[in-house]
Amino acid sequence: MKKAFITGITGQDGSYLSEFLLSKDYEIHGLIRRSSTFNTDRIDHLYKDAHDPNARMFLHYGDLSVSGQLTDLLYDIKPDEIYNLGAQSHVRVSFDMPEYTGDITGLGTLRLLEAIRKTGIKTRFYQASSSEMFGAAPPPQSESTPFQPQSPYAAAKVYSYYIVCNYREAYKIFASNGILFNHESPRRGETFVTRKITRAATRIKLGLQDKLFLGNLEAKRDWGFAGDYVEAMWMMLQQDRPDDYVIATGETHSVKEFVRRVFEKLDLDWQKYVAVDPRYFRPTEVDVLLGDAGKALNELGWKPRVGFDELIDIMIAADMEAAKKEKTLVEAGYSISDHQSA
Ligand code: NAP
Ligand code: GDD
């Protein structure tokens with residue numbers, strides 16, 4: 001049985017990757033942060049108590065800011081594969097917390113690579129690199145497009161990308177960068193734009209909300225489905241040699257188009273409900289992301305299965321279910337919070 005160590009296991013991608021690896025009979029070890037509220041919602045359906053003889057997922061408290069403990073965990077677990085998905089992953093928030101973002105999203109990667117080097121364990125390392133690194137570079141963006149980062153988050157990811165390349169060359173560590181374009185799902189954090197839109201539109205439809213405030217509607221993104229993208233991560237670590245790959249759909253759509261389509265599918269006129277609030281603008285924006293994933297198709301045999309329209313349908317269906325439950329609670333007299341941030 002192969003063992004995988006996953007940072008960011010409680011996040012969107014961590015949960016889909018865990019499902020995928022469990023389906024391939026892996027034993028999984030995940031790094032989780034201690035929190036005063038539960039932060040394991042996305043993986044609770046996969047978890048079995050460690051005393052259960054069938055348990056194959058084990059969670060370890062820790063943090064990407066603490067190098068000694070990462071070293072101890074890797075030495076004890078000796079994973080065959082490591083997936084570094086942990087990060088302060090919100091671009092807008094990285095302008096509010098640039099130092100923290102650099103520490104976790106940038107130096108966190110170095111801490112893991114150092115842990116591999118110091119323990120001398122034989123393992124394969126996946127780094128969650130990002131299309132955000134391309135920043136201002138004109139589309140389409142591929143593995144050969146020079147990075148022009150436009151945020152503290154993107155700059156931290158560029159650092160991680162290059163430190164992975166450096167450790168691969170200097171210490172012959174099997175380490176690969178997946179340069180993933182935006183990928184979404186019903187498990188997407190609620191402050192990322194697609195989920196913010198599907199959640200608000202379904203709540204508006206049921207009378208739970210009357211306005212949606214957004215930032216830049218003109219930005220364009222290459223949006224895919226997270227479930228498809230985690231398979232590409234695994235494929236990269238099954239190759240004969242480590243390398244870097246762009247993962248994308250090859251289609252781009254504006255935020256405005258996403259909003260319009262979601263509201264149309266719910267028979268709502270988006271212009272009646274959506275307002276622009278400059279608080280959601282970023283000091284520097286990434287205008288257009290459009291990926292060329294030709295290398296992944298040729299070398300990994302990877303291509304996306306879920307298209308733009310189906311992705312929207314999947315997200316609306318899940319958020320409509322959640323909104324219906326919420327409405328039941330409201331009708332029973334419970335009060336609900338309505339956060340709209342980032
Ligand atoms: P996400 O939902 O925001 O999950 C981030 C994960 O990182 C969470 O499990 C979070 O734990 C964990 N984390 C945050 N700070 C940490 C720390 N100090 N120590 C340990 N863990 C920490 O992100 P995602 O969408 O799944 O993305 C996964 C990775 O891919 C991230 O590195 C992201 O930057 C990168 N990426 C994402 C996309 C995308 O479109 N989704 C595209 C390209 C690259 P808590 O649950 O405790 O907060
Ligand atoms: N979050 C957010 N909230 N974004 C908004 C809003 C809003 O109210 N209104 C407009 N946008 C615009 C942003 O300005 C951006 O141009 C676009 O919608 C997408 O924003 P996000 O969904 O926050 O994603 P992102 O592209 O900044 O970053 C995501 O994708 C990266 C890959 O390219 C994150 O998942 C990163 O972690 C990931 O690396």
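Conventions adopted
Residues numbered from 1 in each chain as written. Chains lettered and ligands numbered in written order. Predicted model: local features only at pLDDT ≥ 70, side-chain atom pairs only at ≥ 80, totals over all residues. Heavy atoms only, no water. Helix = DSSP H or I, 4+ residues; strand = E, 2+ residues; numbered from the N terminus. Buried < 20%, exposed > 50% of the residue type's maximum accessible area, 1.4 Å probe, protein only. Axes fitted to C-alpha atoms, helices over the stretch in contact; angles between N-to-C directions. Parallel < 35°, antiparallel > 145°, perpendicular 65-115°, else oblique. Left-handed = near helix turned anticlockwise from the far one by under 90°. Contact = heavy atoms within 4.5 Å. Nonpolar A, V, L, I, M, F, W, Y, C, P; charged D, E, K, R; others polar. Phe/Tyr/Trp six-rings, centres within 6.5 Å; stacked < 30°, edge-to-face > 60°. Lys NZ or Arg CZ within 6 Å of the ring centre and 35° of its normal.

Engineer: Hey, could you run me through the environment of Leu212 in this one?
Structural biologist: Residue placement: Leu212 occurs in strand β8 (residues 212–214). Judged by its relative accessible area of 0%, Leu212 is buried. Residues Leu212 and Lys196, spaced 16 residues apart in sequence, show a C-alpha to C-alpha distance of 8.5 Å.

Engineer: Looking at this model, I keep getting lost on unusual backbone geometry. Mind explaining?
Structural biologist: Peptide bonds are, in most cases, trans, and in most cases residues other than glycine have a negative phi. In this structure, the amide linkage connecting Pro139 to the following residue, Pro140, adopts the cis form with an omega of -5°. Of note, Pro140 is situated in the loop between β5 (124–130) and α5 (152–171). Of note, the phi angle at Asp267 is positive, near 55°, even though the residue is not glycine. Here Asp267 shows up in the loop between α8 (255–265) and α9 (270–273).

Engineer: Looking at this structure, how should I read the packing of helix α2 (residues 67–77) against helix α4 (residues 98–119)?
Structural biologist: Two elements in contact, α2 and α4, have axes separated by 9 Å at closest approach and are oriented at 50°. Judged by the angle between their axes, α2 and α4 are oblique. Classified by chirality, the crossing of α4 by α2 is right-handed. The segment α2 lies against α4, with Ser67, Leu70, Thr71, Leu74 and Tyr75 engaging Arg111, Leu112, Ala115, Ile116 and Thr119. Taken together, the residues that form the contact of α2 with α4 break down as six nonpolar, three polar and one charged.

Engineer: Help me understand the packing of aromatic side chains, please; the structure alone is not making it clear to me.
Structural biologist: The geometry of two aromatic rings is summed up by the distance between their centres and the angle between their planes. Following the criterion strictly, the structure yields 14 aromatic pairs and no others. Residues Trp223 and Phe308 carry aromatic rings whose centres are separated by 6.3 Å and whose planes lie at 20° to one another, so their mutual orientation is stacked. One end of the pair, Trp223, is in the loop between β9 (220–221) and β10 (224–225); the other, Phe308, is in helix α11 (residues 308–331), with 85 residues separating them in the sequence. Residue Trp223 shares its accessibility class with Phe308, and that shared class is buried. Seen from their ring centres, Phe263 and Tyr273 are 6.2 Å apart, and the 25° between their planes marks the pair as stacked. Of the two residues, Phe263 is situated in helix α8 and Tyr273 in helix α9; the sequence distance between them amounts to 10 residues. Owing to a relative accessible area of 0%, Phe263 belongs among the buried residues under this scheme. Overall, the relative accessible area of 22% leaves Tyr273 in the partly exposed class. Positioned above the aromatic ring of Phe174 is the side chain of Arg124, whose terminal nitrogen or guanidinium carbon lies 3.9 Å from the ring centre. Positioned above the aromatic ring of Phe192, the side-chain terminus of Arg188 is 4.0 Å from the ring centre.

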